[in-house]
Amino acid sequence: MASKAPLFDIYSDSAEKTRDCGSLLAEKLIEDPSLPRFICLCGDLGTGKTVFASGLVSRFDPRAEVTSPTYTVVNEYTGGKIPVYHFDVYRIKDGDDLYSTGYYDYPDDGITLVEWADLIGYALPPERIEVRIEKTGAGTGDLRHITAQTVKE
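Residues numbered from 1 in each chain as written. Predicted model: local features only at pLDDT ≥ 70, side-chain atom pairs only at ≥ 80, totals over all residues. Heavy atoms only, no water.

Scanning the model with the defined rule gives 6 aromatic pairs in all. Ring plane angle 75 degrees and centroid distance 5.3 Å describe the contact between Phe87 and Tyr103, whose orientation is recorded as edge-to-face. Of this pair, Phe87 sits in strand β4 (residues 84-88) while Tyr103 sits in the loop between α3 (95-100) and β5 (111-115), and the two are 16 residues apart along the sequence. For Phe87, a relative accessible area of 0% gives the class buried. The buried category is assigned to Tyr103, whose relative accessible area is 8%. Between the aromatic rings of Tyr99 and Tyr104, the centroid separation amounts to 6.3 Å while the plane-to-plane angle is 35 degrees, which identifies the pairing as tilted. Look at Tyr99 and you get exposed, because its relative accessible area is 56%. Residue class for Tyr104 comes out partly exposed when judged on its relative accessible area of 45%. (Phe/Tyr/Trp six-rings, centres within 6.5 Å; stacked < 30°, edge-to-face > 60°. Helix = DSSP H or I, 4+ residues; strand = E, 2+ residues; numbered from the N terminus. Buried < 20%, exposed > 50% of the residue type's maximum accessible area, 1.4 Å probe, protein only.)

This is the structure:
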């Protein structure tokens, strides 16, 4: 059975605040080197996963221009203090497809950030951070509920 420990539970009403949540997680990673360096981003289309990722990446590589790696599968941000490997596995169909991206060959010298991680549950490490971003309620505009927790299986 997996154990889970909360890191934060925040409501965001703007892209800027969602980005700030990513920066907050980066700060936690900097302050506590025992936290897992594998981060799963989960949420529906348009909830702000890439915006969150940009906040996190900016703390390690302030000059990085973060974009969604939907078509390239992975963007590498290696110009800062710690490398960040930013995956988007939305288009991955199966384990062979994931293998062909080089996913398993990436070094563990930095932070691995995976958008749509819930689609590759079979390939996630037993220790990770799960971030869930959800739109809250009908008619609430940009309000998002963002939770982060450590997972140890």
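There's more to say after this.
Let's shift gears to the side chain of Asn75. Considering the arrangement of structural elements, one finds Asn75 in strand β3 (residues 74-77). Beyond its immediate sequence surroundings of up to four residues, Asn75 is in contact with Thr67, Ser68, Pro69, Val84, Tyr85 and His86. (Contact = heavy atoms within 4.5 Å.)

Right, let's talk about a nonpolar patch on the surface for a bit. Residues Leu45, Tyr90 and Leu119 make up a contiguous nonpolar surface patch of about 300 Å² in total accessible area. As for its placement among the helices and strands, Leu119 is situated in the loop between β5 and β6 (127-135). A relative accessible area of 43% places Leu119 in the partly exposed class. (Patch = residues over 30% accessible without salt bridge, like charges linked within 9 Å, V, L, I, M, F, W, Y side chains within 5 Å. Areas by Shrake-Rupley, 256 points an atom, 1.4 Å probe, with all protein chains shown as cover. Salt bridge = Lys/Arg side-chain N within 4 Å of Asp/Glu carboxyl O.)

Quick look at the layout of surface pockets now. Roughly 240 Å³ of internal volume is contained in the largest pocket. What lines the largest pocket is simply Arg37, Phe38, Phe87, Tyr103, Tyr104, Tyr106, Pro107, Asp108, Gly110, Thr112 and Pro125. The class makeup of the residues in the lining of the largest pocket is 7 nonpolar, 2 polar and 2 charged. (1 Å grid on protein atoms, 1.4 Å probe; cavity = no way out; pocket = protein on both sides within 12 Å on 5 of 7 lines; lining within 4 Å. Points joined across faces, edges and corners; volume = space filled by probe spheres on them. Nonpolar A, V, L, I, M, F, W, Y, C, P; charged D, E, K, R; others polar.)

What follows concerns the packing of helix α1 (residues 15-31) against helix α2 (residues 49-60). Think of two packed helices as two axes; the pair is described by the angle between the axes and how far apart they sit. Here α1 crosses α2 at 45 degrees, and the two axes come no closer than 7 Å. The orientation of α1 relative to α2 falls into the category oblique. In terms of crossing hand, the pair formed by α1 and α2 is right-handed. The segment α1 lies against α2, with Ala15, Thr18, Arg19, Cys21, Gly22, Ser23, Leu25, Ala26, Glu27, Leu29 and Ile30 engaging Val51, Phe52, Ser54, Gly55, Leu56, Ser58, Arg59 and Phe60. Along the lines of polarity and charge, the residues of the contact of α1 with α2 split into 10 nonpolar, 6 polar and 3 charged. (Axes fitted to C-alpha atoms, helices over the stretch in contact; angles between N-to-C directions. Parallel < 35°, antiparallel > 145°, perpendicular 65-115°, else oblique. Left-handed = near helix turned anticlockwise from the far one by under 90°.)

Read these as spatial facts, not as claims about activity.
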